[in-house]
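If you want the building blocks of each chain, they are given just below.
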Amino acid sequence: MNNEIAVKLTGITKRFGTVTANSGVTMDVRRGEVLALLGENGSGKTTLMNMLSGIYFPDEGEIEINGKKASIRSPKDAFELGIGMIHQHFKLVDVFTAAENVVLGLPGGMLLNLREAKEKIRSICEKYGFETDPDKKVYSMSVSEKQTLEIIKVLYRGADILILDEPTAVLTPQETERLFSVIRNMRADGKSIIIITHKLHEVMEISDRVAILRRGEYITTLETKDADEKTLAEAMVGEKLALNIDRPQPEGVVKRLSVKDLSCVSADGVPTLCGVSFDAYGGEILGIAGISGCGQKELLESIAGLQKTEPGSSIIYSPDGGEDEELVGKSPREIRALGVALSFVPEDRLGMGLVGSMGMTDNMMLKSYGEGSPVFLHKKEPQDLAESVREDLGVVTPSLATPVRRLSGGNVQKVLVGREIAEAPSVLMTAYAVRGLDINTSYAIYDLLNEQKKKGVAVIYVGEDIDVLLELCDRILVLCGGKVSGIVDARSATKEEIGLYMTKIGGPNA
Amino acid sequence: MKNEKTREPLLRLAKRDTVSPARAVAVRAAAIALALLFCGIFFVCVTDSSITDVYAAMISGTFRSSITVNTFFKEACMLLIIAVGLAPAFKMSFWNIGAQGQVLAGGMAAAMWLFYLGNDLPNAVILPLMFVSAAVGGGIWALIPAVFRVKFTTNETLFTLMMNYIAIQLIKFLRITWSPIHALGMISRKSGTLPSLFGNANALIYVIAALAVILMYVYMNKTKHGYEISVIGEAPNTARYAGISEFRVIIRTAFISGAVCGIAGFLYVSAIDHTISETMGGGYGFTAVIVAWLAKFNPIFMTLISMLISFVRTGSREIVSRNTTTLDSSIANINIGIFLFFMLGCEFFLNYKVVFRGGKETGK
């Protein structure tokens, strides 16, 4: 028995009803390595890892941990075997402190010994280079802090096989860097780390080996040093790919939206936007970059009429051949009627814009159901629309009535973006449109946005991936702490430049 | 490592993805059969009768005469009307536990007309007045918690529950103020009694129940209001993004929910009790909560469940009446408890599958 192998999976199969999520997966994870698990949406990565962490039990196949056969029946069994999983959606109690969350569910006497727990948390932090305050309440933590806490939680329980499910999907580049340095420290300590991700450059940066799944089947494991992004992407989708985002030159550019001195204050009285001014033009894609929570959401919501703005704010909308309109003070419906569409993809993908229990048809009429008869619903038009979105964007769904929450993330996002585009808006705002999507679907979405741009739509694209912003957009507006830090030409700007603007108002010139 | 570690667990639960309609019906039918079996066994234990006697008594207690049949239908219909009223509120994730209070509020509003003007106004005038004010009364009773929920994000479950007790105390107060009721029980007035139809005093109750089921089905499934209710209930943030006013929809739906319960109160006053009392409806306001939930807000299922509960109730009553020395009327509640236990329990088997060691998790 090779002692270096920490986890060995043999012939793992898992079915859900008629769907086979994993079929005969055989692979291994070594001690002291970072293994990237790569695959498109629905390729069975999360299911496979859930079987390691005791959430599901395999229908067929064997799992060996440290050379011994193991039957992982529950997350508790997984903990006992030293396996800890950090899920995409954090499982933390908001009103508890970091330390309380860590000790939650651990065996022990009647009395909590938080002091000891805090000591241990501090020593874990020191060892791997985390920064955390054991007394901080979870509700006041940023996404990155919550993730750190989740990792500490599994380390506290003595895990030496860590599974991270898309850990960077919600992090800024700086936070990602910090996470990676922690991962490297853990690897140096002899831990096995499995990281599920879609981002190829991250795979290249952090992993030692890459295991690739496609449609539930194990394809191959590559040494990262022998692979490049292109070979990985092709192994993942099983066909040749061109990894270039198209960027047509803007044509017939006209001013559509003129935002002046836009300010917002949150419900707690904290300013979220301060004097934001910019113009958006039809026929171009304006990217919006910034560390998460720097006012991106408030900016888009203000334009869509969903945020209360401070006095003095002005958003002038100039339609084709019509009078200029002031959007501030208009209701969300009036603004939509003017042709300003917003699709915001939240972290849970469904919460803003779609109703999970409804099918595509019912979701299509979400913003247009008010038209027509004053009392009764008309399902004919939304049904036709759903059918055309399904065809045009290649949405995979058993039927138009299947609840959208059953669709995979990529398909959910296609439904969301497809509906907004179908309204033929003249201003299309999308936030995090490719959040958590695989390569093929992401490119499909970029193509959709480019098509809109060519039609003369003013596209505002809020994104997380700076590389994509630089490749896709014409101009990039960088937000920093609710202020416009800078507006740069995406064709000439560099990643470093944007990074500086993100962290300091005025960026390199300040 | 212990040896058992390497073995598959003896029992494990697998979440079902979807349940075929046939299976869903079969599981529910099995639950009903088991519930009826346990009700029977329970009666065999507390009386000296054999199990066949018990069922014979339950059936004859329900279907023996037109009077028993009418009682059976009347109770089923009242339960159904209240459950139908709760459905839109629940669909909107507005946990209205105050149906009892809304029934009482509607009853009070109706009884007010009856008490003061029952001798002066003809039926054609007073009944519509009673009907409308009962609906408004019940509606307001639900509206108050709704306003607080939207404006101050109070918890509507507690709020609607507390509103029940306010209604109960108000009724006690009114019974004393309107001392004739206190003394005599019934408000006897020339008009204000729901007329018979085809010689059946309950016929209008059946008509109203049927209308309530049909109208609510259409309202929830075919209208824009119904669509807004579903969106707000499922995804409040999405509703905000779509420009649906949460305030307007919650207020409107809570009012409609309370109004339908208020109409049940009107029926109690005008057709069944002819008075008001704090026990009006015999706690159906709470039973209806479970009926609405079990039926997943589907009016057809609500009809079936209401009939079953009514059957258990009338059947139990018959057995109690045959054993008055040993049994108490509250036995009916024990049986309804048994029935609900099985009905709620079967939901578990619809959502999960128990897999034995070596079994496959390939549930349909």
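Residues numbered from 1 in each chain as written. Chains lettered and ligands numbered in written order. Predicted model: local features only at pLDDT ≥ 70, side-chain atom pairs only at ≥ 80, totals over all residues. Heavy atoms only, no water.

Student: I'd love a proper account of the overall build of chain B, names of residues and values included.
Tutor: Per the secondary structure count, chain B includes 14 helices and two strands. For a compact globule of 364 residues, the expected C-alpha radius of gyration is about 21 Å, and chain B comes in at 23 Å, within 12% of that figure. Across its three principal directions, the C-alpha atoms of chain B cover 85 × 65 × 40 Å. For chain B, with 364 residues in total, the buried portion stands at 51%. For chain B, long-range pairs separated by at least 24 residues make up 79% of all intrachain contacts whose partners lie at least 6 apart in sequence. Accessible area for chain B stands at about 16,200 Å²; split by element, carbon and sulfur atoms hold 69% of it. In chain B, 30 side chains carry a positive charge and 17 a negative one; their mean positions are 6 Å apart. (Helix = DSSP H or I, 4+ residues; strand = E, 2+ residues; numbered from the N terminus. Rg over C-alpha atoms; globule rule 2.2 N^0.38 Å. Buried < 20%, exposed > 50% of the residue type's maximum accessible area, 1.4 Å probe, protein only. Contact = heavy atoms within 4.5 Å. Areas by Shrake-Rupley, 256 points an atom, 1.4 Å probe, with all protein chains shown as cover. Lys, Arg positive; Asp, Glu negative; His and termini not counted. Charge placed at Lys NZ, Arg CZ, Asp CG, Glu CD.)

Student: How would you explain the overall build of chain A if you had to name every residue and give the values?
Tutor: The helix and strand inventory of chain A stands at 16 helices and 20 strands. Computed over C-alpha atoms, the radius of gyration of chain A comes to 24 Å, within 12% of the 24 Å expected from 2.2 N^0.38 for 510 residues, which places it in the range of a compact globule. Along the longest, intermediate and shortest principal axes, the C-alpha atoms of chain A span 75 × 50 × 50 Å. Looking at chain A as shown, the accessible area adds up to about 21,300 Å², and 50% of this sits on carbon and sulfur atoms. Separation between the mean location of the 59 positive side-chain charges and that of the 73 negative ones in chain A comes to 4 Å.

Student: A description of a negative patch on the surface should follow, citing residues and the corresponding values.
Tutor: All names here are of chain A. Side chains of D246, E391, D392, D447 and E451 sit close together on the surface and give a patch of like negative charge. Of all the secondary-structure elements, those providing two or more residues to the negative patch are α12 (380-393) and α14 (439-454). In this structure, D246 sits in the loop between α8 (229-237) and β11 (254-265). (Patch = residues over 30% accessible without salt bridge, like charges linked within 9 Å, V, L, I, M, F, W, Y side chains within 5 Å. Salt bridge = Lys/Arg side-chain N within 4 Å of Asp/Glu carboxyl O.)

Student: Lay out the domain arrangement of chain A in plain terms, naming residues and giving numbers.
Tutor: All names here are of chain A. By domain assignment, chain A separates into domain 1 (5-237) and domain 2 (251-339 + 426-448 + 456-510). Placing the centre of domain 1 and that of domain 2 at their C-alpha centroids yields a distance of 34 Å. Each partner contributes residues to the interface: domain 1 has 14 residues there, and domain 2 has 14 residues. Surface buried jointly by domain 1 and domain 2 totals about 1,100 Å² across both partners, of which 55% is contributed by carbon and sulfur atoms. In this structure, the connection of domain 1 to domain 2 is made through zero salt bridges. If you look at where domain 1 meets domain 2, you find zero residue pairs in polar contact (both at pLDDT 80 or more). Those elements that place two or more of their residues in the side of domain 1 that touches domain 2 are α6 (173-188), α7 (200-206) and α8. No other element matches the three residues that α8 contributes to the side of domain 1 that touches domain 2. (Domains from an automatic or database assignment. Buried area = accessible area lost by both parts, 1.4 Å probe. Polar contact = N/O pair within 3.5 Å; in protein donor to acceptor, adjacent residues only side chain to side chain.)

Student: Any chance you could break down the pairing of strand β8 (residues 192-197) of chain A for me, citing the residues and the numbers?
Tutor: All names here are of chain A. When you tally the buried positions in β8, you get six out of six residues, the bulk of the element. The side-chain alternation of β8 yields two buried faces, one formed by S192, I194 and I196 and the other by I193, I195 and T197. Relative to β8, strand β3 (residues 34-38) runs parallel, the two sharing five bridges. In the sheet register, A36 faces β8, and the bridge partner there is I195. Both strand β7 (residues 161-165) and β8 contribute to a ladder of five bridges, which runs parallel. For L164, the partnering residue across the bridge sits in β8 and is I195. (Pairing = 2+ DSSP bridges.)

Student: If you had to explain the environment of B:A29 to someone new, which residues and values would you point to?
Tutor: Position of B:A29 among the secondary structure elements: in helix α1 (residues 21-46). On the basis of relative accessible area, B:A29 is assigned to the partly exposed category, the value being 43%.

Student: Can you break down the sheet that holds β11(A) residue by residue, with the values?
Tutor: Residues and elements named next belong to chain A. Spatially, the four strands line up as an open sheet ordered β12-β11-β14-β15, and their pairing is antiparallel. The sheet terminates laterally at β12 (271-282) and β15 (325-326), the two strands that pair on one side only. The pairing of β11 with strand β14 (residues 314-317) spans four bridges and is classified as antiparallel. Bridging across to β14, S258 finds its partner in I316. With respect to the sheet, helix α9 (residues 296-304) is in contact with β11, β12 and β14, its orientation differing from that of β12 by roughly 65°. (Axes fitted to C-alpha atoms, helices over the stretch in contact; angles between N-to-C directions.)

Student: Tell me what's going on with the packing of aromatic side chains, and back it up with residues and numbers.
Tutor: Residue and element names in this part refer to chain B. Tallied over the entire structure, the rule returns 21 aromatic pairs over all chains. Judged by centre distance (5.1 Å) and plane angle (45°), the rings of F38 and F342 are tilted. On the criterion of sequence distance, the pair formed by F38 in helix α1 and F342 in helix α14 (residues 331-351) is long-range, its members being 304 residues apart. For F38, a relative accessible area of 40% puts it in the partly exposed group. A relative accessible area of 15% places F342 in the buried class. (Phe/Tyr/Trp six-rings, centres within 6.5 Å; stacked < 30°, edge-to-face > 60°.)

Student: Would you mind going over the packing of helix α4 (residues 99-117) of chain B against helix α6 (residues 156-177) of chain B in detail, with residue names and values included?
Tutor: Residues and elements named next belong to chain B. Interhelical geometry of α4 versus α6 gives an angle of 30° and a closest axis separation of 8 Å. Relative to α6, α4 is oriented roughly parallel. In this structure, α4 meets α6 at a crossing whose hand is left-handed. Mapping the contact onto sequence places A99, Q100, G101, L104 and M108 in α4 and N164, A167, I168, L170, I171 and L174 in α6. Within the contact of α4 with α6, the residues separate by chemical class into eight nonpolar, three polar and no charged. (Parallel < 35°, antiparallel > 145°, perpendicular 65-115°, else oblique. Left-handed = near helix turned anticlockwise from the far one by under 90°. Nonpolar A, V, L, I, M, F, W, Y, C, P; charged D, E, K, R; others polar.)

Student: Account for the pattern of salt bridges, with residues named and values stated.
Tutor: Residues and elements named next belong to chain A. Summed over all chains, the structure comprises 36 salt bridges over all chains. Across the pair R30 and E223 runs a salt bridge whose closest N-O atoms are separated by 3.9 Å. You can see R30 sitting in strand β2 (residues 19-30) and its partner E223 sitting in strand β10 (residues 217-223), a full 193 residues away along the chain. We classify R30 as partly exposed; its relative accessible area is 30%. Under the relative-accessibility criterion, E223 is labelled partly exposed at 28%. Here D362 ties to K379 by a salt bridge, and the two come within 3.2 Å at their closest N and O atoms. Placement of the pair is D362 in helix α11 (residues 360-364) and K379 in the loop between α11 and α12, with a sequence separation of 17 residues. For D362, a relative accessible area of 19% translates into the label buried. Each of D28, E33 and R209 takes part in one network of salt bridges that share partners.

Student: How would you explain helix α9 (residues 224-234) of chain B if you had to name every residue and give the values?
Tutor: Along α9(B), nine of the eleven residues are buried, which leaves the element largely enclosed by surrounding structure. By the burial criterion, the buried members of α9(B) are B:K224, B:G226, B:Y227, B:E228, B:I229, B:S230, B:V231, B:I232 and B:G233. Where α9(B) is buried, its residues meet α10 (332-338) and α11 of chain A together with α3 (66-91), α8 (203-222), α10 (236-241) and α11 (246-272) of chain B.

Student: Help me get a handle on the sheet that holds strand β6 (residues 83-86) of chain A, residues and values and all.
Tutor: Residue and element names in this part refer to chain A. Spatial strand order, β6-β7-β8-β3-β9-β10: six strands in an open sheet with mixed pairing. For this open sheet the edge positions go to β6 and β10, each flanked by a neighbour on one side alone. Between one strand axis and the next, the sheet turns by 20° as a mean value, whatever way the strands run. Contacting β3, β7 and β8, α6 crosses the sheet at an angle of about 150° to β8. In this fold α8 packs onto β3, β9 (209-214) and β10, with an angle of close to 30° to the strand it touches most, β9.

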